[in-house]
Amino acid sequence: MFASLNDEQRRAVDHTGSPLLIVAGAGTGKTKTLAARVCRIIDDGTDPERVLLLTFTRRAAAEMLARVAAVSTDRAASRVWGGTFHSTANRVLRTFGRRVGLSPGFTVLDHSDATDLMGIVRTEEGFGERARRFPRKETVAGIYSRLVSSQAKLDAVLETDYPWCADHRDELRTIFTAYTTRKRLHQVLDYDDLLLFWRGLTTGPAGDTVRALFDHILIDEYQDTNPIQADIVKGMCGPDTEVCAVGDDAQAIYGFRAATVANMWRFADDFPGATRITLEQNYRSTMPILAVANAVLGQSDAHFAKELWSARAHGPAPTLRTHHDEGAQSASVATAVLDARERGMDLREQAVLFRAGHHADGLELELTRRDIPYVKYGGLKYLESAHVKDLLALLRILDNPADQLAWHRVLAAMDGVGPATLRRLCAELGIDDEHDDSLARFIDGAGRVPNAADVQAHELRSAFAACFAELNPAEQVDRLKGFCALVFPGRYPDAAARVADIDQLSATAAAYSTRSRFLTELTLDPPSKTSDRAGPPHLDDDWLTLSTIHSAKGLEWRSVHLLHAADGNLPSEMALGDEHGLAEELRLVYVALTRARDELTVNFPLRYHVNRHATDDRHVYAQLSRFIEPVRELFVEESPPREIDPTRSDIELAAVGVADEVDARLAALWD
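This is a predicted model, so every value here is computed, not measured.

A look at the overall build of the protein chain
At step 1: Helix and strand content of the protein chain: 27 helices and 16 strands.
At step 2: The burial tally for the protein chain puts 52% of its 671 residues in the buried class.
At step 3: Looking at the protein chain alone, contacts between residues at least 24 apart form 77% of all its contacts between residues at least 6 apart.
At step 4: A total of about 29,700 Å² of accessible surface is found on the protein chain, and carbon and sulfur atoms cover 51% of it.

Now the structure itself:
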């Protein structure tokens, strides 16, 4: 590993004596550098258990530690504290939670469950049954998460991000207070709580104890931290702790999650005497692609100075392809993908990127029509599927019988249980009163269910009782599957397929020794769910990747197609009036461009139809993205002819041609 480092990487690996900020440009070997630094720290004699590696995905931590393990001879990598901020917070709070008033048996709510709990509180406080329209639970939860993650005041968040909700500030305060009370009462934490309590631990009486845990703290993707996470890093560092942050401010694209690139920019202020090392040698892309990326980034000076370069000096120039409309764009991209496949480039080596999920709607139809299999990223998570959440709610009750939200979901799934019956059952079981024996009482027969649910309730009581025996997590999932098979037909039209889908959860559970750890890690780092493919995968298991740019960060492909490079789409129309928003949109384009290794095509539809599904030809003309226009001389420009639909009559085609000519003459008057 060390022999392959370049000079700047070697400096970053060997640096000691002061806080270190590594500015790692796209494709510059960030993961290798950070892994090598961990190896060097351990080789210098540091106990691996005193090294903390914080990342934003469990996969990133696993990859880095796997590289450490590859060159380690004593299983040192397995002893390093490596994981996401949230998973590490969970681990710390399970150990020290009592110091901040937490029971070690707390339950973690994912975003969907937290939203549901917010909805329950919203209704109980009387804001769900009003003559006047009130923000939905998803909006209320979004406001709450935004203000907590950004540590901004409610009035500021409403003014900036939710102006249409400003008249409800007093009601929102009431809901947020009740939501917090409810969480504490039932021993549940949401994602924000994990970070808040960890930060509180560092500033409270136990601060010196938790700071003494580590000699070295390394943070990946520091540009994506929010204010609470930055406070945690500072709070975990004692006078002798060596801190190293790695990131790229030019790839700071998660402002909508309250991430702030300012944490990276003020690293030297937060850690006086800090050293900054910049990695600029790119190992991914050719120089023609990097020339475009550098030129796009050069349109802003709101970042650390960097100029990516590569030893791969030659390669095809990026293509700027102009299309007649969205339909022509979809047809052209599909054709290009198949052409590349004929040239020997597998579908899996190609990707189509876009700003928003709906931007690929037309392309998905075209790919399906041409029998091109694809996987789309940027949509729902597997664990957000309703039937999977049903099964997880059962496990959560076993893990924490005071979990009111899980009880509500499970009981409401049974036949004949409506709102009134649900309230009665909760009262009979003592669920809303936080009775610790709710589960035991249910197993013993408490809780009178409707006659239609007798068989379901008997199966559930039997399954819960069995799970108290010596069953591992996978066996518990299998035992609870019987109850799911009874209730799914009344909840879902494709019940058999959903019951079979539980097997995937069982296979995942087999890797865990305890139910608590299985639930917590699954909640904090769920697997992705892909969209439907255009038919079953081929025998060679080859498919095209469709992805939002946000979901593509950190990935790479030989060929990349970027869709809808038009103002209003890229940059997003929502960002056009905001300086900070536009700066993030520019960084988003930079991220998209730097995903390509060998070939890059930027696609620009000339016109957008007002109604894509109507028979008329009403449309508006688009402008090339303001980020691409200044650098278009670096592209090879192509304007392929519009594909003609042979089912349309000559008269219709002639009419379209006349309409195009009239529109073009009119446009010439004001261009």
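Structure shown, so let's carry the discussion forward.
Observations concerning the sheet that holds strand S3 (residues 81-84)
At step 1: Sheet architecture is open: 6 strands sit in the order S3-S2-S6-S7-S1-S8, paired in parallel fashion. Either end of the sheet is taken by a strand with one partner, and the two such strands are S3 and strand S8 (275-279). Strand-to-strand twist of the sheet, defined as the mean angle between neighbouring strand axes without regard to direction, takes the value 15°.
At step 2: Bridge count between strand S1 (residues 20-24) and S8: 5 bridges; the pairing is parallel. By the bridge assignment for S8, Ala24 is matched with Leu279.

Let's talk about helix H18 (residues 404-412)
At step 1: H18 sits mainly inside the fold: 8 of its 9 residues count as buried.
At step 2: Buried within H18 are the following residues: Gln404, Leu405, Ala406, Trp407, His408, Arg409, Val410 and Leu411.

As for the environment of Arg146
At step 1: Here Arg146 shows up in helix H6 (residues 137-150).
At step 2: With a relative accessible area of 22%, Arg146 lands in the partly exposed category.
At step 3: A sequence separation of 111 residues divides Arg146 from Arg257, and the C-alpha atoms of the two residues are 7.2 Å apart.
At step 4: Apart from residues lying up to four places away in sequence, Arg146 is in contact with Gln151, Val157, Asp161, Gly255, Phe256, Arg257 and Ala258.

Let's talk about the packing of H6 against helix H9 (residues 191-203)
At step 1: Two elements in contact, H6 and H9, have axes whose closest approach is 10 Å; the angle formed by their N-to-C orientations is 20°. Between H6 and H9, the crossing angle belongs to the class labelled roughly parallel. For H6 against H9, the interelement crossing comes out left-handed. Contacts between H6 and H9 pair Tyr144, Ser145, Val148 and Ser149 from the former with Asp192, Asp193 and Leu196 from the latter.
At step 2: Counted by class, the contact of H6 with H9 contains 3 nonpolar, 2 polar and 2 charged residues.

Points about the pattern of salt bridges
At step 1: In this structure the tally under the stated criterion is 57 salt bridges.
At step 2: A salt bridge links Asp248 to Lys306; the nearest nitrogen and oxygen atoms lie 3.3 Å apart. Separated by 58 residues along the polypeptide, Asp248 in the loop between strand S7 (242-247) and helix H12 (262-265) and Lys306 in the loop between helix H14 (287-297) and strand S9 (319-325) bring together distant segments of the chain. Each member of the pair, Asp248 as well as Lys306, is classed as buried.
At step 3: Residue Arg424 pairs with Glu428 through a salt bridge whose shortest N-O separation is 2.8 Å.

A closer look at the nonpolar core
At step 1: If you look at the biggest cluster of nonpolar residues, it comprises 64 residues, and the most contacted ones within it are Ile143, Phe176, Ile219 and Tyr222.
At step 2: Considering each element in turn, this core owes the most residues, 6 residues, to H9.
At step 3: With residues up to four places along the chain from it excluded, the contact list for Tyr222 reads Ala230, Val233, Ala245, Val246, Gly247, Asn263, Met264, Phe267 and Phe271.

Brief notes about the side chain of Glu584
At step 1: Within the secondary structure, Glu584 sits in helix H26 (residues 579-593).
At step 2: Ignoring anything within four residues of it in the chain, the contact list for Glu584 reads Ala252, Ile253, Tyr254, Gly255 and Phe256.

With respect to the side chain of Thr31
At step 1: Mapping Thr31 onto the fold places it in helix H2 (residues 30-43).
At step 2: On the basis of relative accessibility, which here comes to 17%, the residue Thr31 falls in the buried class.
At step 3: Dropping the residues within four chain positions of it, Thr31 is found in contact with Glu63, Met64 and Arg67.

Looking at the confidence of the model for the protein chain
At step 1: Residues of the protein chain with pLDDT of at least 70 account for 87%, and the chain-wide mean is 84.
At step 2: Taken element by element, the protein chain is modelled with least confidence in helix H27 (residues 650-670), mean pLDDT 57, and with most confidence in strand S13 (residues 557-562), mean pLDDT 97.
At step 3: Segment residues 528-540 is flagged for pLDDT under 50; beyond a separation of four residues in sequence, or across chains, it makes 26 contacts in the model.
At step 4: This model gives residues 643-654 a pLDDT under 50, and the stretch forms 7 contacts once residues within four places in sequence are excluded.

Some details on the packing of helix H17 (residues 386-399) against H18
At step 1: The interhelical angle for the contact between H17 and H18, taken along N-to-C directions, is 125°, at an axis separation of 9 Å. Judged by the angle between their axes, H17 and H18 are oblique. Both H17 and H18 take part in a crossing whose hand is left-handed. Judged by residue contacts, Ala386, Lys389, Asp390, Ala393, Leu394, Arg396 and Ile397 of H17 engage Leu405, Ala406, Trp407, Arg409 and Val410 from H18.

Re helix H21 (residues 454-467)
At step 1: Over its 14 residues, H21 runs 20 Å from end to end, which matches the ideal 20 Å to within 8%, given 1.5 Å per residue.
At step 2: Here H21 has its buried residues at Gln456, Ala457, Glu459, Leu460, Arg461, Ala463, Phe464 and Cys467.
At step 3: Those residues of H21 that are buried are in contact with H17, H18, helix H20 (438-443), helix H22 (473-487) and helix H24 (515-524).

Description of the environment of Ile502
At step 1: Position of Ile502 relative to the elements: it lies in helix H23 (residues 495-509).
At step 2: Judged by relative accessible area, Ile502 falls into the buried class, the value being 1%.
At step 3: Note: C-alpha distance between Ile502 and Val388 (114 residues apart in sequence) is 6.9 Å.
At step 4: In contact with Ile502, other than residues within four places in its own chain, are His387, Leu391, Val477, Lys481 and Phe488.

Describing the packing of aromatic side chains
At step 1: One pass over the full model with this rule turns up 12 aromatic pairs.
At step 2: In textbook terms, an aromatic cluster arises when at least three aromatic residues are bridged by ring pairs, as seen for Phe56, Phe85 and Trp198.
At step 3: Over the ring of Trp81 we find Arg91; its NZ or CZ atom is 3.7 Å from the centre of that ring.

What about the environment of Ala60?
At step 1: Assignment of secondary structure puts Ala60 in helix H3 (residues 58-70).
At step 2: Taking C-alpha positions, Ala60 is 8.2 Å from Gly83, a pair spaced 23 residues apart along the chain.
At step 3: Beyond its immediate sequence surroundings of up to four residues, Ala60 is in contact with Thr55 and Asp220.

What counts, and at which threshold
- Residues numbered from 1 in each chain as written.
- Predicted model: local features only at pLDDT ≥ 70, side-chain atom pairs only at ≥ 80, totals over all residues.
- Heavy atoms only, no water.
- Helix = DSSP H or I, 4+ residues; strand = E, 2+ residues; numbered from the N terminus.
- Buried < 20%, exposed > 50% of the residue type's maximum accessible area, 1.4 Å probe, protein only.
- Contact = heavy atoms within 4.5 Å.
- Areas by Shrake-Rupley, 256 points an atom, 1.4 Å probe, with all protein chains shown as cover.
- Pairing = 2+ DSSP bridges.
- Axes fitted to C-alpha atoms, helices over the stretch in contact; angles between N-to-C directions.
- Parallel < 35°, antiparallel > 145°, perpendicular 65-115°, else oblique.
- Left-handed = near helix turned anticlockwise from the far one by under 90°.
- Nonpolar A, V, L, I, M, F, W, Y, C, P; charged D, E, K, R; others polar.
- Salt bridge = Lys/Arg side-chain N within 4 Å of Asp/Glu carboxyl O.
- Core = buried A, V, L, I, M, F, W, Y, C linked by side-chain atoms within 4.5 Å.
- pLDDT = per-residue confidence, 0-100.
- Expected span 1.5 Å × (residues − 1).
- Phe/Tyr/Trp six-rings, centres within 6.5 Å; stacked < 30°, edge-to-face > 60°.
- Lys NZ or Arg CZ within 6 Å of the ring centre and 35° of its normal.

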